[in-house]
Amino acid sequence: GGYRIQPRLVTVMGQIGIWDQYYALTLKSKIAAAQQSSSPARQKLAAELQDTLTLIAEGCRPSYMYYYHNGYWPASTFVRLREIVTDGILKLDALEKP
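Summarised in this report is the structure supplied together with it.

**Re the pattern of salt bridges**
Thought 1: Counted under the stated rule, the structure contains 2 salt bridges.
Thought 2: Across the salt bridge formed by Arg80 and Glu83, the nearest N and O atoms sit 3.2 Å from each other. Residue Arg80 and its partner Glu83 are both found in helix α4 (residues 75–96); the two are separated by 3 residues, about one turn of the helix.

**Things to note about a nonpolar patch on the surface**
Thought 1: A grouping of Trp19, Tyr22 and Tyr23 is seen on the molecular surface, where their side chains present a nonpolar patch of about 360 Å² in accessible area.
Thought 2: Assignment of secondary structure puts Tyr23 in helix α1 (residues 2–35).
Thought 3: The exposure class of Tyr23 is partly exposed, given its relative accessible area of 34%.

**Some words on helix α2 (residues 40–59)**
Thought 1: Across its 20 residues, α2 extends 29 Å between first and last C-alpha, which sits within 8% of the 28 Å expected from 1.5 Å per residue.
Thought 2: Those residues of α2 that fall on the buried side of the exposure criterion are Arg42, Leu45, Ala46, Leu49, Leu53 and Ile56. One side of α2 carries all its buried residues, which in axial view fall inside an arc of 105 degrees. Opposite its buried face, α2 presents the exposed residues Pro40, Lys44, Leu55 and Glu58, each directed more than 90 degrees away.

**Description of the nonpolar core**
Thought 1: Counting residues in hydrophobic clusters, the biggest one holds 10 residues: Leu27, Ile31, Ala34, Leu45, Ala46, Leu49, Leu53, Val85, Ile89 and Leu92.
Thought 2: Within the residue set of this core, elements represented by two or more residues are α1, α2 and α4.
Thought 3: Ranked by residue count, the leading element in this core is α2, at 4 residues.
Thought 4: Among residues more than four places away in sequence, those in contact with Ala46 are Ile31, Ala34, Gln35 and Leu92.

**So, the packing of α2 against α4**
A packed helix pair is summarised by two numbers, namely the angle formed by the two axes and the spacing between the axes.
Thought 1: With their axes 10 Å apart at the nearest point, α2 and α4 run at an angle of 165 degrees to one another. Judged by the inter-axis angle, α2 sits roughly antiparallel to α4. Of the two possible hands of crossing, α2 and α4 adopt the one that is left-handed. Residues Ala41, Arg42, Leu45, Ala46, Leu49, Thr52, Leu53 and Ile56 of α2 form the contact with α4, whose participating residues are Leu81, Ile84, Val85, Gly88, Lys91, Leu92, Leu95 and Glu96.
Thought 2: Residue composition of the contact of α2 with α4, by class: 11 nonpolar, 2 polar and 3 charged.

The rules we used
- Starting from 1, residues in each chain are numbered consecutively following that chain's sequence as written.
- This being a predicted model, a pLDDT of at least 70 is required before a residue's local features are given, and a value of 80 or more before pairs of side-chain atoms are given or counted; all residues contribute to the totals for chains, interfaces and linings.
- No hydrogens and no water enter the side-chain calculation; it runs on all heavy atoms of the structure.
- Here, a salt bridge means any Lys or Arg side-chain nitrogen found within 4 Å of an Asp or Glu carboxyl oxygen.
- Elements are defined by DSSP. Helices are runs of H or I of four residues or more, strands are runs of E of two residues or more, and each kind is numbered from the N terminus.
- Patches here: salt-bridge-free residues with over 30% relative accessible area, like charges joined within 9 Å, nonpolar side chains (Val, Leu, Ile, Met, Phe, Trp, Tyr) joined within 5 Å.
- All accessible areas in this document rest on Shrake-Rupley with a 1.4 Å probe, and a residue is counted as covered only by the protein chains that are shown.
- Each residue is assigned to one of three classes by its accessible area relative to the maximum for its type, calculated with a 1.4 Å probe on protein chains only: buried under 20%, partly exposed between the two thresholds, exposed over 50%.
- The length a helix should cover is 1.5 Å for every residue beyond the first.
- Of all possible arcs, the one meant is that of the directions from the helix axis to the C-beta atoms.
- Take the buried Ala, Val, Leu, Ile, Met, Phe, Trp, Tyr and Cys residues and link them wherever side-chain atoms come within 4.5 Å; each set so joined is a nonpolar core.
- By definition in these notes, contact holds between two residues if any of their heavy atoms fall within 4.5 Å.
- Angles run from 0 to 180 degrees between N-to-C directions of axes, and those axes are lines fitted to C-alpha atoms, restricted for helices to the stretch in contact.
- Every angle not falling under 35 degrees, over 145, or within 65 to 115 is termed oblique; those three ranges are roughly parallel, roughly antiparallel and roughly perpendicular.
- Note on convention: the crossing is left-handed when the near helix lies turned anticlockwise from the far helix by less than a right angle, right-handed when the turn is clockwise.
- Here the nonpolar group is Ala, Val, Leu, Ile, Met, Phe, Trp, Tyr, Cys and Pro; Asp, Glu, Lys and Arg are the charged ones; every other residue, Gly included, is treated as polar.

Below you can see the structure in the form of structure tokens.
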């Protein structure tokens, strides 16, 4: 049974990774837009979020399966990283509204 379950697990983990990448890319595009804006508050927040994304990128491996097999980080770590990225998107959206 393990042979049939493994590909499904990898597929599910890959799909989760795609959504995380989508959110990270969304945040990057919002950061770029905020850096071009005339609002000092948006520019400051964009700089802070860019620093946070840089730290995340330096500390993360590109594959969930790397962590699954090597046991470095629990799932709660990935949940927290998702929260950081989505909170950044929401904060930039809040400053974008007039």
